Structures are given as structure tokens and as C-alpha cells.
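Listed below, chain by chain, are the residues.
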Amino acid sequence: MITGNNAKKHFVNVILIVILVVFIFLPKIVTVSYYLHLIVMSLIWFILISGLNVIQGYTGYVSMCQIAFYGIGAYTSGLLMKNLHWGLGQGILAAVGMGLIVGTIIGFPSLRTKGHYFSIVTLAFTMLMFTILRGWSGLTGGIVGFAVRPVSESLFGIPLNTRQGYYYLVLIFAVLTILFVKRMTGSRTGRAIIAVRENENLASSIGVNVFAMKLLAFDISAVLGCIAGALYMHYVNFVSPAGFAAEYAMNTLLAGMVGGVGTLVGPAIGSFIVIFLPEMLRAAALYRQLAFGIVLIIIVFALPHGVVRPLTKLWTWALAKIFRKNNVEEATLASNK
Amino acid sequence: MLLQLENVTRYFGGLAAVKDVSFGIQEGQILGLIGPNGSGKTTCFNLITGLYHPSEGQISFNGEVISKMPPHVIARKGVARSFQISSVFPTLAVIENVVTAHYCRQKSNLITGLLGIAGTRKEEKQVREHSGELLEFVGLGDKAHAEASALTSADQRRLMIAIALATEPKLLMLDEPCAGMTDEEQTAIVALMRKICGDGIPILLVEHHMKIVMEVSNHIVVLDRGEKIAEGQPEEIKNNDAVIEAYLGRSEKERA
């Protein structure tokens with residue numbers, strides 16, 4: 001946000017700290033274990049969708065293979081634990097490495113296409129990945145998948161094989177993710193990535209290597225997707241190909257669109273909606289999927305830029321009310337972000 | 001010569017869009033590149049900036065052959081351009097457009113950016129200050145926080161010049177900077193071009209308004225159907241029979 005108003009900045013920081021404190025004490029507030037489970041899943045999805053956001057929201061390439069990276073991360077760390085007895089930290093590091101390798105291999109040919117063609121190529125990769133995970137039974141356990149033993153590590157003395165302990169681990173990764181995306185988009189490199197989204201010809205005329213930036217953004221999305229996958233693996237301690245099928249690529253896309261891509265908090269809101277909404281709709285019993293679809297269609301129609309757009313407008317309006325000094329121009333600009 | 005085209009030819013299919021064209025631009029010059037529609041002016045621009053590569057001949061900049069290099073490398077060597085159609089970063093604020101364009105002169109990378117080390121923060125501060133100065137320079141100081149797509153087309157053309165200047169070029173190439181402008185706006189752009197040239201950045205100018213080209217250029221190259229038909233001082237060009245024939249037309253001469 002472009003503002004020199006220190007009081008306002010201070011106020012925003014205070015709010016952010018309050019939100020963080022709420023999240024830290026959330027396991028004490030949320031006593032129903034099942035809800036804590038949904039929150040953990042939402043945070044894992046937030047990491048996943050933040051990755052998607054880098055390539056889709058900031059670079060402008062709609063990727064349909066984020067769910068495949070999720071699967072690759074899960075299988076990588078899961079298989080290393082099962083076969084080579086690697087620990088949680090090593091598994092996550094391996095997932096990062098795998099994300100970089102696969103991201104580069106897939107990005108190289110697919111990023112030469114544009115628009116819908118890129119989406120189709122990445123969707124094809126998701127289907128291919130699903131086929132490999134299901135078909136290579138010797139390694140992956142085929143359609144039934146495989147289970148691993150719960151992690152033995154602990155965090156600040158809280159064992160990570162408890163739901164609370166794992167919640168804190170995922171929370172740390174989610175906070176690191178949001179800090180990473182915020183810093184990255186505000187940096188020289190991040191601006192070059194956004195320049196590619198805005199105008200590729202102009203970007204190359206100011207010295208941006210357009211293809212390299214696209215590949216970098218795709219690799220970042222792959223790495224975040226793989227980290228999310230590894231975190232998911234060691235949370236549920238079981239993996240099968242079913243969760244990484246092409247139809248789930250739609251769920252990642254929805255989480256991005258419903259929340260609002262190209263923004264920091266959009267993926268967070270989108271992830272919570274996509275994880276929580278089906279549970280809220282349990283009352284509809286048989287018609288749950290139908291209701292889920294209808295609610296999402298309404299959201300996408302009513303708010304084509306995602307839920308986050310009206311929320312930021314409300315937020316800047318509230319800030320302007322509190323700090324009347326700000327001029328209108330700043331407020332409208334901030335609401336466009 | 002800062003920029004030198006030597007016998008440059010570019011075919012599209014069997015058709016030569018630019019044929020055996022040679023010219024050069026020196027320090028301190030404003031070189032006008034003129035010709036009727038389809039004469040190959042914009043193709044020349046795209047050849048110099050690396051969007052296309054010459055089929056024959058070569059282009060050198062600062063003594064280095066650049067005709068095989070990709071656009072971003074040529075930009076980093078110091079060739080900046082504006083585009084014929086308005087070309088900005090539309091959803092970003094005007095100031096962010098210019099900040100982004102400092103890309104090729106900044107040194108920070110993803111790691112230093114993520115860590116926010118002191119050197120990077122200082123560089124960011126300098127870039128923001130310099131962006132503000134550039135906006136003042138092109139006359140957009142009061143619109144710094146507007147969204148680029150909300151600017152009028154004349155203002156977008158000013159913004160394109162600011163974006164080009166932010167790359168700290170050794171050569172500035174402007175493709176119809178006055179298109180769709182009123183007389184006063186044109187006068188302001190002419191003054192701006194003189195100031196830029198005075199600051200030591202030579203300009204290669206493509207422009208349809210003859211009055212402006214004649215007024216601002218100190219050297220003119222005339223293209224017709226991809227070939228160079230004349231070159232010289234504005235006065236010489238005005239009285240060159242081939243140019244009058246091919247470009248200005250007879251009625252134009254009678255009117256003059």
C-alpha cells in the first residue's frame with residue numbers, strides 16, 4: 001500500500017498481530033477436534049493455492065496442474081519415509097527439490113504455449129501424473145495407495161503426531177508462505193513477474209527475460225504445491241491417487257477464483273471456503289455436491305474478482321473512516337490491489 | 001555511430017518488408033524515420049529491438065553486433081523503445097509502471113529481495129525517488145497514483161516515455177509518440193524530446209506528423225516500400241523530388 005501515514009501503518013500492523021495471536025490460540029478456542037482438522041486442511045490448501053496464485057494471479061498463466069504438484073509432494077515425502085525411513089524435515093526438503101525438478105521439466109515445454117493452451121497442457125500433465133500414481137503399483141501402491149507411520153518429531157515440546165502439534169507446524173509454514181509471497185511480489189523479481197502478466201512485449205523491452213520469469217514463477221508454484229503435499233502426507237499418514245485426479249484441479253482453480261487471485265489474502269479466503277463449505281452443507285445430505293456447486297456459481301457470478309475485492313474495499317473504507325487524513329486517491333488505489 | 005544498420009533486409013514469406021536499408025545514428029542526434037504506411041518503419045524498429053531478426057545484413061550498437069540478440073538483452077545494452085499502440089502495464093499504478101521499468105538497472109535479486117537486506121532497501125528507495133522525478137519530467141507528477149489504464153491516450157504516451165527513460169537508455173526509440181494528440185500536447189512532446197536529447201540521449205523517431213518531424217529532427221531517413229529512398233537534413237528532404245513523389249505526393253507540394 002502506498003501511504004506515508006505512519007499511524008495507519010501502525011494500526012494495520014496491530015490488526016495483523018491480533019489475527020496472528022488468534023491463530024496461535026485457536027486450538028484452545030476451537031474445542032471440536034473436527035473443526036481443528038478442517039482448519040489444518042484449510043491452511044495446507046492455503047499454501048497450495050498460494051503457489052497457484054504465483055503463476056495464475058501474478059504471472060497470468062492459468063495452471064491446471066497445481067493438484068499434481070500436491071500429489072508429487074505427498075508421494076515424494078511419503079515414499080522416502082516408507083522406504084528409506086526419512087524424517088519429516090528431510091521429507092519436506094526432498095519435496096522442495098522434487099518441486100524444482102518437476103516444475104522445470106514441465107514448465108519448459110508448457111510455458112511456450114499461451115492462454116487456454118497452457119491450461120490444457122498442464123491439465124494433461126495432471127492426468128498423466130494420476131495415471132502414473134495409479135499404474136506404477138510396485139512403487140506407489142497403485143489405486144489403494146499406502147500408509148506411513150505417524151511422524152515422531154515434536155515442535156516446541158508438542159508432539160507433531162497430535163492434531164494440535166501439527167496445527168502449529170502447518171501454521172508456521174502458512175505464515176512463512178504469506179511472508180514469502182508478500183516479499184517476493186514487492187521485490188524487483190516480483191515486479192518483473194507481474195510485468196509479464198501485464199504486458200509481455202513491454203516487459204521484454206525493459207530488459208525482463210520473459211521466459212525465465214515465467215519458469216521461475218512456475219517453479220515457485222511447484223515448490224509451494226509440493227510443500228503443501230508433504231505437509232498433507234504427514235498429517236493424514238496415508239495417500240492414494242484419488243485425491244489428485246483431474247477433477248480436483250477444478251477445486252484448486254475454484255479456491256483461487258472464489259478467493260481472488262493476484263492478492264495476498266485471496267488464496268486464504270478461497271481455501272477456507274473450499275474446505276469448509278462442503279462441511280457446512282452437510283444438512284443438504286444427498287444434494288450436498290449440488291448445493292456446493294450452486295453456491296460457488298453464485299459467488300463467481302456475483303464477485304468475478306473473488307471475495308477479497310469487496311472485502312478490501314470495506315477495509316480501506318473503514319481505514320479511511322478511522323484515519324480521515326487520507327485522500328480519496330489512495331483509498332481507491334488500495335482497493336484496486 | 002552509436003547505432004548502425006548495414007544492408008538490413010527482412011523477408012516475411014517471400015515479401016521484403018525491409019530491403020537493403022542502411023543508416024546510422026550518432027550521439028546528440030534526433031533522427032526522423034519517415035515514410036508512407038507500410039514502408040517498413042515499424043519493422044525497422046522491431047529489427048533493432050530484437051523482436052525480429054534480419055534475414056540479411058547486420059545491426060550494431062555501440063560497436064557490438066546486436067542483430068541476433070533477444071529483446072531483453074538489447075534492452076539491457078541500452079536501447080529503449082515506445083510502442084506504436086499504447087503499451088503500458090495497465091492495472092498497475094502509474095508510479096509502479098515506472099518503478100517496474102527500473103528492472104534492468106537494478107542489482108537486487110530474488111534472494112536479497114526476500115531477505116530485505118540494507119543494500120536492496122536503499123536501492124528500492126532510490127528507484128522510487130527516481131520514478132517520481134521521471135514522472136515530473138514527463139509531466140505526470142500529479143497522476144502518479146492513478147491506474148495506468150485510466151490515463152488518457154496522450155498521458156499513456158507520456159508514461160511510455162517515462163518507462164523507456166527508466167531503463168537509463170543510451171538510445172531512445174519513439175514510435176509515433178504524438179499519435180492522437182492535440183496541438184498543445186504535441187508541442188509539449190516536442191519540447192520533451194528536445195530536453196531528452198539535450199540530456200545526452202539520442203532519439204530515433206517515427207512520426208506521421210510531418211511538421212513535427214521536420215521541426216525536431218536534425219537528420220531524416222525516408223523509407224518507401226521497404227527501401228531507403230533518401231537521407232539528409234530536413235531542408236534537403238523537403239526539396240527531394242523522390243520523396244515528394246513517393247511520400248508527400250504532388251498535391252502536398254502544391255499546397256506547400
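Shown above is the structure to which this text applies.
Below: a short report on this structure. (Residues numbered from 1 in each chain as written. Chains lettered and ligands numbered in written order. Predicted model: local features only at pLDDT ≥ 70, side-chain atom pairs only at ≥ 80, totals over all residues. Heavy atoms only, no water.)

Some points on the overall build of chain B
Part 1 of the reasoning: Helix and strand counts for chain B come out as 11 helices and 10 strands.
Part 2 of the reasoning: Since a compact globule built from 256 residues should have a radius of gyration of about 18 Å, the 19 Å found for chain B is in line with a globular shape.
Part 3 of the reasoning: Across its three principal directions, the C-alpha atoms of chain B cover 65 × 40 × 30 Å.
Part 4 of the reasoning: A buried classification covers 55% of the 256 residues belonging to chain B.
Part 5 of the reasoning: Counting only contacts in chain B whose residues sit at least 6 apart along the sequence, the fraction spanning at least 24 positions is 66%.
Part 6 of the reasoning: About 11100 Å² of surface is accessible on chain B, with carbon and sulfur atoms providing 50% of the total.
Part 7 of the reasoning: Across chain B, the centroid of the 26 positively charged side chains sits 4 Å from that of the 32 negatively charged ones. (Helix = DSSP H or I, 4+ residues; strand = E, 2+ residues; numbered from the N terminus. Rg over C-alpha atoms; globule rule 2.2 N^0.38 Å. Buried < 20%, exposed > 50% of the residue type's maximum accessible area, 1.4 Å probe, protein only. Contact = heavy atoms within 4.5 Å. Areas by Shrake-Rupley, 256 points an atom, 1.4 Å probe, with all protein chains shown as cover. Lys, Arg positive; Asp, Glu negative; His and termini not counted. Charge placed at Lys NZ, Arg CZ, Asp CG, Glu CD.)

Some details on the interface of chain B and chain A
Part 1 of the reasoning: Across the contact, 36 residues belong to chain B and 30 residues belong to chain A.
Part 2 of the reasoning: Where chain B abuts chain A, roughly 2900 Å² becomes buried across the two surfaces, and 61% of that area is made up of carbon and sulfur atoms.
Part 3 of the reasoning: Of all residues in chain B, the largest losses of buried area upon contact with chain A belong to Tyr-103, Leu-110 and His-145 of chain B, amounting jointly to 24% of the total for that side.
Part 4 of the reasoning: On inspection of chain B and its partner chain A, the count reaches one salt bridge.
Part 5 of the reasoning: Between Arg-191 of chain A and Glu-124 of chain B there is a salt bridge; the shortest N-O distance is 3.1 Å.
Part 6 of the reasoning: Where chain B touches chain A, the interface holds 12 residue pairs in polar contact (both at pLDDT 80 or more).
Part 7 of the reasoning: Broken down by secondary-structure element, the contributors of at least two residues to the side of chain B that touches chain A are helix H2 (71–77), helix H3 (94–101), helix H4 (110–115) and helix H5 (118–138) of chain B.
Part 8 of the reasoning: Top element by residues in the side of chain B that touches chain A is H3 of chain B. It accounts for five residues. (Buried area = accessible area lost by both parts, 1.4 Å probe. Salt bridge = Lys/Arg side-chain N within 4 Å of Asp/Glu carboxyl O. Polar contact = N/O pair within 3.5 Å; in protein donor to acceptor, adjacent residues only side chain to side chain.)

Thoughts on the pattern of salt bridges
Residue and element names in this part refer to chain A.
Part 1 of the reasoning: Within this structure, the stated rule accounts for 11 salt bridges over all chains.
Part 2 of the reasoning: Arg-197 is paired through a salt bridge with Glu-198; the nearest N and O atoms lie 3.1 Å apart.
Part 3 of the reasoning: With relative accessibility at 29%, the residue Arg-197 sits in the partly exposed group.
Part 4 of the reasoning: Put simply, Lys-114, Glu-200 and Lys-214 are held in one network by salt bridges that share partners.

Some details on the sheet that holds strand E2 (residues 15–25) of chain B
Residues and elements named next belong to chain B.
Part 1 of the reasoning: Strand order across the open sheet formed by four strands is E2-E1-E4-E5, with antiparallel pairing between neighbours. Whereas interior strands pair on both sides, the edge strands pair on one side only; in this sheet they are E2 and strand E5 (64–65).
Part 2 of the reasoning: One ladder, built from two bridges, connects strand E4 (residues 56–61) with E5; its direction is antiparallel. From the neighbouring strand, Phe-61 faces E5, where its bridge partner is Glu-64.
Part 3 of the reasoning: Packed onto the sheet, helix H1 (residues 41–48) meets strand E1 (3–12), E2 and E4 and runs at close to 115 degrees relative to E1. (Pairing = 2+ DSSP bridges. Axes fitted to C-alpha atoms, helices over the stretch in contact; angles between N-to-C directions.)

A short note on the packing of aromatic side chains
Part 1 of the reasoning: Taken as a whole and assessed by the stated rule, the structure comprises 15 aromatic pairs over all chains.
Part 2 of the reasoning: Look at Tyr-34 of chain A and Tyr-35 of chain A: their rings are 6.4 Å apart centre to centre, the planes differ by 50 degrees, and that puts the pair in the tilted class.
Part 3 of the reasoning: For Tyr-34 of chain A, a relative accessible area of 37% puts it in the partly exposed group.
Part 4 of the reasoning: With relative accessibility at 37%, the residue Tyr-35 of chain A sits in the partly exposed group.
Part 5 of the reasoning: Their ring planes at 75 degrees and their centres at 5.8 Å tell us that Tyr-75 of chain A and Phe-146 of chain A sit as a pair that is edge-to-face. In this pair, Tyr-75 of chain A sits in helix H3 (residues 66–84) while Phe-146 of chain A sits in strand E1 (residues 146–147), placing the two residues 71 residues apart along the sequence.
Part 6 of the reasoning: Taking NZ or CZ as reference, Arg-81 of chain B lies 4.2 Å from the ring centre of Phe-83 of chain B, over its face. (Phe/Tyr/Trp six-rings, centres within 6.5 Å; stacked < 30°, edge-to-face > 60°. Lys NZ or Arg CZ within 6 Å of the ring centre and 35° of its normal.)

Here we look at the nonpolar core
Part 1 of the reasoning: Trp-45 of chain A together with Leu-159 of chain B are the most contacted members of the largest nonpolar core, which has 132 residues in total.
Part 2 of the reasoning: In terms of residues, this core owes the most to one element, helix H10 (residues 210–236) of chain A, which gives 16 residues.
Part 3 of the reasoning: Not counting the four nearest positions on each side in its chain, Leu-159 of chain B is found in contact with Val-88, Val-94, Asn-97, Val-98, Leu-135, Leu-140, Ala-148 and Leu-151 of chain B.
Part 4 of the reasoning: Of all hydrophobic cores here, the second largest spans 26 residues; its members include Ile-66, Met-69, Leu-171 and Met-173 of chain B. (Core = buried A, V, L, I, M, F, W, Y, C linked by side-chain atoms within 4.5 Å.)

Here we look at unusual backbone geometry
Residues and elements named next belong to chain B.
Part 1 of the reasoning: Positive phi, normally seen in glycine, also occurs at Asn-7, with a value near 45 degrees.
Part 2 of the reasoning: You will see that Glu-168, though not glycine, has its phi angle at about 50 degrees, which is positive.
Part 3 of the reasoning: By the secondary structure assignment, Glu-168 is in the loop between helix H6 (153–166) and strand E7 (171–175).

A closer look at the state of the cysteines
Part 1 of the reasoning: Per the stated rule, a full pass over the model turns up zero disulfides over all chains.
Part 2 of the reasoning: Distance from the sulfur of Cys-65 of chain A, which forms no disulfide, to the nearest cysteine sulfur (Cys-226 of chain A) is 10 Å. (Disulfide = S-S within 2.5 Å.)

Thoughts on the sheet that holds strand E10 (residues 227–232) of chain B
What holds strands together in a sheet is hydrogen bonding between their backbones, with the strands either parallel or antiparallel.
All names here are of chain B.
Part 1 of the reasoning: Ordered in space as E6-E7-E8-E3-E9-E10, the six strands form an open sheet in which the pairing is mixed. Of all the strands in the sheet, just strand E6 (79–81) and E10 have a single pairing partner and so form its edges. Strand after strand, the sheet turns through a mean of 20 degrees between neighbouring axes, direction not considered.
Part 2 of the reasoning: In the sheet, strand E3 (residues 30–34) pairs with strand E9 (residues 219–224) via four bridges, with the strands oriented parallel. Across the sheet, residue Gly-32 finds its bridge partner in E9, namely Ile-220.
Part 3 of the reasoning: Its contacts with the sheet place H1 against E3, E6, E7, strand E8 (203–206) and E9, and it is angled at close to 145 degrees to E7.

Examining the environment of Arg-288 of chain A
Residues and elements named next belong to chain A.
Part 1 of the reasoning: Tracing the backbone through its elements, the reader meets Arg-288 in helix H13 (residues 288–302).
Part 2 of the reasoning: The sequence separation of Arg-288 and Pro-278 amounts to 10 residues, and the corresponding C-alpha distance is 6.9 Å.
Part 3 of the reasoning: Residues in contact with Arg-288, not counting those within four places in the same chain, are Pro-278, Glu-279, Leu-281 and Arg-282.

With respect to the pairing of E2 of chain B
Part 1 of the reasoning: Both E1 of chain B and E2 of chain B contribute to a ladder of seven bridges, which runs antiparallel. The residue bridging Gln-4 of chain B from the neighbouring strand is Gly-24 of chain B, located in E2 of chain B.

As for H3 of chain B
Part 1 of the reasoning: Most of H3 of chain B is tucked away: eight of the eight residues are buried.
Part 2 of the reasoning: Along H3 of chain B, the residues classified as buried are Val-94, Ile-95, Glu-96, Asn-97, Val-98, Val-99, Thr-100 and Ala-101 of chain B.
Part 3 of the reasoning: Each element contacted by the buried residues of H3 of chain B is listed here: helix H8 (188–198) of chain A together with H5 and H6 of chain B.

So, H1 of chain B
Note: α-helices contain 3.6 residues per turn, so residues at a spacing of three or four share the same orientation.
Residue and element names in this part refer to chain B.
Part 1 of the reasoning: Summarising burial for H1: seven of the eight residues are buried, a large majority.
Part 2 of the reasoning: Along H1, the residues classified as buried are Lys-41, Thr-43, Cys-44, Phe-45, Asn-46, Leu-47 and Ile-48.
Part 3 of the reasoning: At the exit of H1 stands Gly-50, carrying a positive phi of roughly 90 degrees.

Re the side chain of Thr-100 of chain B
Part 1 of the reasoning: Mapped onto the secondary structure, Thr-100 of chain B falls in helix H3.
Part 2 of the reasoning: In terms of polar contacts, Thr-100 of chain B uses its side chain to reach the backbone carbonyl oxygen of Glu-96 of chain B, at 2.7 Å.
Part 3 of the reasoning: The contacts of Thr-100 of chain B, once residues within four sequence positions are left out, are Arg-191, Ala-195 and Ile-206 of chain A together with Phe-89 and Leu-92 of chain B.

Just geometry here; none of it tells us what the structure is for.
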